[in-house]
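Listed below are the residues making up each chain.
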Amino acid sequence: MTRFQVKPICAAIMLMTAYGAPALAQTTDSTSLDADAAQPAPAVVQVTGMRQALRSAEQIKRDSLQVVDAINADDIGKFPDRQVGDALQRVAGVQVGRDRGQTTSVSIRGLTDVATTIDGNEIFTAAKRRLSYEDLPVQSIGGLDVYKSATSNQFEGGIAGAVNIRLRSPFDSKGRTATAYVEDRINKTNGSGETKNKHNPGAGFLFSDRWQTGMGEMGALIDVTFKRDDFAYPVQWVDRPTNMFSVSPDGTATRIGNTPPFTAAPGDVLGQLPNIGGVYYDGKRKRESIHGAFGWKINPNLEASAQYLGMGYQGRNATNYILDIVTWAPRLTNVVLAPQGAHCSTPLGTICPILSANAAGAQFSPSAYDWDPYTATSTWGENERTNTHYLDLGLKYTNGPLTLNSRLGYTRSKFVNDTIIVDQQIPGASSSVFTYGDDGHGGYTSVTTPTSANPLRDPSQFVLRGLVQNWNEQAGSQVQWRSDAVYRLGGDSFFTTLLGGIRLSSRKASYHGAEGHSDFTGDVRPTPVGAFGDSFERLVPGIDRLGGPWYTPAADFLIDRADTVRNAYGAPSGRVPDDPTRLFEQRERSATLYLSGRWKTDLAGVSVEGEAGARVVRLNRKLRGQSRIGDVVSDVDLSTSETNVLPSVSAVVSWTDAWQSHLSAGKTITRPGFREMNPALSLVPPTVNAPGSGNAGNPYLEPTKSTNLDATLEYYFAKNGFAQVALFHRDIDGYLQNFTQDESIGGTTYRVTRPQNSGKGTLRGMEFTTQKFFDFLPGPWSNFGAQFNYTWTDADNQTKTSLGSDTFTTTRLIDVAKNSWNLALLYEGHGITGRLAATRRGDYVEQIAEAPFDRDRVVKATTFVDLSIGYELNRNLSLHFDGINLTNAKYESSLGPYQPRDIRYNSATYGLSLRYKL
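Reading guide: rules and limits
Residues numbered from 1 in each chain as written. Predicted model: local features only at pLDDT ≥ 70, side-chain atom pairs only at ≥ 80, totals over all residues. Heavy atoms only, no water. Helix = DSSP H or I, 4+ residues; strand = E, 2+ residues; numbered from the N terminus. Rg over C-alpha atoms; globule rule 2.2 N^0.38 Å. Buried < 20%, exposed > 50% of the residue type's maximum accessible area, 1.4 Å probe, protein only. Contact = heavy atoms within 4.5 Å. Areas by Shrake-Rupley, 256 points an atom, 1.4 Å probe, with all protein chains shown as cover. Lys, Arg positive; Asp, Glu negative; His and termini not counted. Charge placed at Lys NZ, Arg CZ, Asp CG, Glu CD. Core = buried A, V, L, I, M, F, W, Y, C linked by side-chain atoms within 4.5 Å. Pairing = 2+ DSSP bridges. Axes fitted to C-alpha atoms, helices over the stretch in contact; angles between N-to-C directions. Disulfide = S-S within 2.5 Å. Polar contact = N/O pair within 3.5 Å; in protein donor to acceptor, adjacent residues only side chain to side chain. Phe/Tyr/Trp six-rings, centres within 6.5 Å; stacked < 30°, edge-to-face > 60°. Lys NZ or Arg CZ within 6 Å of the ring centre and 35° of its normal. Salt bridge = Lys/Arg side-chain N within 4 Å of Asp/Glu carboxyl O. Expected span 1.5 Å × (residues − 1). Patch = residues over 30% accessible without salt bridge, like charges linked within 9 Å, V, L, I, M, F, W, Y side chains within 5 Å.

Points about the overall build of the protein chain
A tally of regular secondary structure across the protein chain gives nine helices and 50 strands. Relative to the globule expectation of 29 Å for 918 residues, the C-alpha radius of gyration of the protein chain, 29 Å, shows essentially globular dimensions. Its C-alpha atoms put the protein chain at 95 × 65 × 55 Å along the principal axes. In the protein chain, which comprises 918 residues, the proportion classed as buried is 58%. Relative to all contacts within the protein chain whose residues are 6 or more apart in sequence, the contacts with residues 24 or more apart total 72%. By element, 56% of the accessible surface of the protein chain is carried by carbon and sulfur atoms, the whole surface being about 35800 Å². With 91 positive and 93 negative side-chain charges, the protein chain shows a separation of 3 Å between the mean positions of the two kinds.

As structure tokens, this is what we get:
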């Protein structure tokens, strides 16, 4: 299917509603839509096993006016998923991003601009637009609905779609219920043979009951979860080259600098050697949550509800760097160049990658510490925490054809991070490195000094370099109120139901922090052990391809004895004073009105029902901060407003009892994140582990807008299961992209990254989804089933050629994989449940035109395989085994042949749990 075919096919399926009905027309008895809920999702879904959970989710899909996929409570419990983000990867068209052993981002059909709601209310973490999915455990979840098209009564804010989280309610169950679990998981770290396996316990408890009183029926629910995670996440990176080399036929090379034009010596050729290093991330994470709910059916017409959700996170993390800045070595020996090819053609001339080389230590000044290559280790000791509180009060009134639903929500969330960074160097080190090994990635062959064959494991070889302190606090709060009305008209009129509602919101996001830098003075630098004692150094397990373990400052020492470290560097005790140039505050007040009508008719004997309406959102924004570009600092104090009109129309065409289609068209928006709009410039000076870098937001960003078309053709099997083909098209305007440019600040050059709106883009594609239990097979084979979904996506975008430029070039849309699929094999019978699931995300572009050669950085396709098996010991107790990432899938990126970038090793996880259910 070519990219030009998708949009016409969407239109063709829509036209079938009006002109193709006689060809498929048969007598139908379509399920009527639930007009009681302003948010089109069921209020109660009773689940009693994997089959029933799948049927319930299937019914949600079939009855909804939108293109939606759902996962229900029992279905979620059959996966080895602890957190919401992990469970979402099971949905067709959804991909997740993993970082340091946890799911941190969710995309729908390749786009990460996803609105997140809890029972229809906006939810977020700290100063972000969206929820940190890793903070919410699946135990609190009654179901997840992934909307790929929108109606006017849904919260705006996601051009990709929306994820609505249905929290558990006491009225979900017929009576008293209790569940509990205890588990232990072991993470097996890949890429680091010296890392020991660690135990990660978790536990949870839920109790729910409902009872009759003289004042109506009441119900209450409480659930509590706890989990601990000792993680390790090895990363080997190859940074972009800084200098070019003139490479001789005898395998020697001479550095010729970093300023074009580049000219090789006579008889030589040009070569480029990037820097090679690694990061060994590890630490301890704790997450706790508490969820309480109360429901009160006051009388047949009036129902009240209250929900509280508290989520907490604490992390003591170490970011342990190792690096070898070989690109500054004045001379190289034993140079091996990549063969001539397209990879040698660059905008700066013919420059081939250097695949391996030796770099002897060379002193470039009288100082005893000024050596190339610069070989060092560094540790970031990070102590951080997040607390999020969400409260929702609801009132529902029903009287005949009228239903009124009103909800008042309050959210408060805060994130705090304190980081201490200490660098240490090995003066006089020589190294042998390779950028492209047998598996296409780099590493170290050896690192030596004149006095040590393995100085990375000898603390006496190091001297202390600089100290960096950094802290920040991010906070977000919101009061939101919405009221929705549904009026069923009855009779045989074209319009069956009128819907309308209002939403008011007041949102605040803030950020403040500071950074300080210190170093020793004088001609002699102390050794780490000499300055702080033996406990200051830690031999981290390291990365196999970089020679294994290395010594680096201990993160626990940096966190627990931060003032000792500060004072040794001549800095005062306590945090660096608050930096007013980093202060950022943004307030948003919005008022929303929506109106829509649901309708139903017959066209040539085919039942068609749908909804048409519009959502009007008025937003007023006030933003304060400071902007810095180069050495120019300016105050930012903006008051802006915008009005967005978001029309939508959707329809369900019931061709037969088994065949139906969903058709929809509408406009959606995504507002820039608060971090992306924060103009404050955060700088990290040149250190042993990186050149100078910086990040800043852009207060002048505009919302990203999209016009969406969706069409499906669905078939529902007689007993259970369905098959679906879906086509989608998105016309996108103003997609956010990051741009990095060199800026001179105080005489030092920094690589500064800022976002800006791009031009127009298009995303189109196709999904195929099917699920079925094999009830038609004989005997035990009928206990098996399968789920499969495949998404094909094609996307392009008008990318600006540089920051602030009005010139565009057409590129791929970043982070969008062309191919992705999920496959799950299911079993349920004889007290055993099992699910073997494979999730594949195809290759995608991570960065457009990486400097200095303007090549796109592409992430290689990966397939994760997970397994979950449960056995019922008795009516109430079951034993479960979970395996995650059984194939040891890893992240790999490159610029093309012979030019790798990162390889990141995801852990494999194995766990046992005991689960109780009343």
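So that's the structure; there's more coming.
Brief notes about the nonpolar core
Formed by 38 residues in total, the largest nonpolar core has its most connected members in Leu-88, Leu-111, Leu-136, Val-163, Ile-165, Leu-763 and Leu-813. Leu-763 has contacts with Arg-109, Leu-111, Phe-728, His-729, Arg-730, Ile-732, Thr-793, Asp-794, Ala-795, Leu-813 and Val-816, leaving out every residue within four places of it along the chain. Counting 27 residues, the second largest nonpolar core, distinct from the first, contains Tyr-280, Val-335, Val-447 and Trp-550.

Re the sheet that holds strand β38 (residues 748-757)
Judged by pairing direction, the sheet is mixed, and its four strands sit side by side in the order β33-β34-β38-β37 without closing on themselves. On the outer flanks of this sheet lie β33 (682-684) and β37 (736-745), each paired with one strand and no other. With direction set aside, neighbouring strand axes in the sheet form an average angle of 25°. In the sheet, strand β34 (residues 693-695) pairs with β38 via three bridges, with the strands oriented parallel. Note that in β38 the partner of Asn-695 across the bridge is Thr-753.

Quick notes on the state of the cysteines
If you walk through the whole model with that rule in mind, you get one disulfide. The disulfide that involves Cys-344 links it to Cys-352, with 2.0 Å between the sulfurs. Judged by the sign of its S-S torsion, about 110°, the cystine formed by Cys-344 and Cys-352 is right-handed. According to the relative accessible area criterion, Cys-352 is buried, its value standing at 2%.

Concerning unusual backbone geometry
Cis rather than trans, the peptide bond between Pro-260 and Pro-261 has omega equal to 0°. With an omega dihedral of 0°, the bond running from Asp-372 to Pro-373 counts as a cis peptide bond. When you line up the elements, Pro-373 lands in the loop between β20 (371-372) and β21 (374-399). Here Asn-334, not a glycine, exhibits a phi torsion of approximately 50°, which is positive. Mapping Asn-334 onto the fold places it in strand β16 (residues 331-337). Note on Asn-334: relative accessible area 53%, which makes it exposed. For Asp-854, which is not glycine, the phi torsion reads 55° and is therefore positive.

Brief notes about the side chain of Asn-757
Secondary-structure assignment places Asn-757 in strand β38. A polar side-chain atom of Asn-757 sits 2.8 Å from the main-chain amide nitrogen of Glu-702. Among the polar contacts made by the side chain of Asn-757, one reaches the main-chain carbonyl oxygen of Gly-734 at a distance of 2.7 Å. What Asn-757 contacts, discounting residues up to four positions off in sequence, is Leu-701, Glu-702, Thr-704, Gly-734, Tyr-735, Leu-736 and Lys-800.

A few points about the packing of aromatic side chains
The tally for this structure, following the rule as stated, stands at 16 aromatic pairs. With 5.0 Å between their ring centres and 55° between their planes, Tyr-436 and Tyr-898 make a pair best called tilted. In this pair, Tyr-436 is assigned in the loop between β23 (430-434) and β24 (443-448) and Tyr-898 in the loop between β48 (890-894) and β49 (900-905), connecting sequence segments 462 residues apart. Under the relative-accessibility criterion, Tyr-436 is labelled partly exposed at 33%. According to the relative accessible area criterion, Tyr-898 is partly exposed, its value standing at 23%. Aromatic pair Phe-774 and Phe-776: ring centres 5.9 Å apart, planes at 55°, arrangement tilted. A residue is classified by how much of its surface remains accessible, and Phe-774, at 24% relative accessible area, is partly exposed. The rings of Phe-494, Phe-495 and Trp-599 are connected pair by pair, giving a single aromatic cluster. Residue placement shows Arg-129 over the ring face of Phe-674; its charged tip is 4.1 Å from the ring centre.

Description of the sheet that holds strand β1 (residues 68-72)
Pairing in this open sheet of five strands is mixed, and the strands run β1-β6-β7-β4-β5 from one edge to the other. At either end of the open sheet lies a strand with only one pairing partner, and these are β1 and β5 (121-122). By the bridge criterion, five bridges tie strand β4 (residues 114-118) to strand β7 (residues 161-167) in an arrangement that is parallel. Note that in β7 the partner of Val-114 across the bridge is Gly-161. Along the sheet, helix α3 (residues 50-63) makes contact with β1, β6 (141-147) and β7, crossing β1 at roughly 155°.

What to know about the pattern of salt bridges
For the structure on display, the rule yields 53 salt bridges. The residue Glu-642 makes a salt bridge to Arg-671 at a minimum N-O spacing of 3.8 Å. Of this pair, Glu-642 sits in strand β31 (residues 632-654) while Arg-671 sits in the loop between β32 (659-670) and α9 (674-677), and the two are 29 residues apart along the sequence. Neither residue differs from the other here; Glu-642 and Arg-671 are each classed as buried. Here the salt bridges do not stand alone but share partners, grouping Lys-61, Asp-69, Arg-109, Lys-148, Asp-710, Arg-730 and Glu-767 into one network.

Quick look at the environment of Tyr-444
Within the fold, Tyr-444 resides in strand β24. With 212 residues separating them along the chain, Tyr-444 and Thr-656 place their C-alpha atoms 65 Å apart. Every residue in contact with Tyr-444, bar those within four places of it in the chain, is listed here: Ile-276, Gly-277, Ile-322, Leu-323, Asp-324, Ser-432, Val-433, Phe-434, Arg-545 and Leu-546. Side-chain polar atoms of Tyr-444 contact the backbone oxygen of Ile-276, separated by 2.8 Å.

A closer look at α3
With 14 residues, α3 should reach 20 Å at 1.5 Å per residue; the first-to-last C-alpha distance of 20 Å fits that figure. Among all positions in α3, only Met-50, Arg-51, Ala-53, Leu-54, Ser-56, Ala-57, Glu-58, Ile-60 and Lys-61 are buried.

Regarding a nonpolar patch on the surface
A cluster of nonpolar residues, Phe-205, Phe-207, Ile-222, Val-224, Ile-290, Tyr-308, Leu-391, Leu-393, Leu-408, Tyr-410 and Val-479, forms a patch on the protein surface that exposes about 860 Å² of accessible area. Contributing elements (two or more residues each) for the nonpolar patch: β9 (198-213), β10 (216-238), β21 and β22 (402-425). Structurally, Leu-393 is set in strand β21.

Looking at the pairing of strand β50 (residues 908-917)
For strand β8 (residues 177-188) and β50, the ladder comprises ten bridges, and the chain directions are antiparallel. Opposite Ile-186, over in β50, you have Tyr-910 as the bridge partner. When strand β47 (residues 877-884) meets β50, the two strands line up antiparallel, connected through eight bridges. From the neighbouring strand, His-880 faces β50, where its bridge partner is Ser-913.

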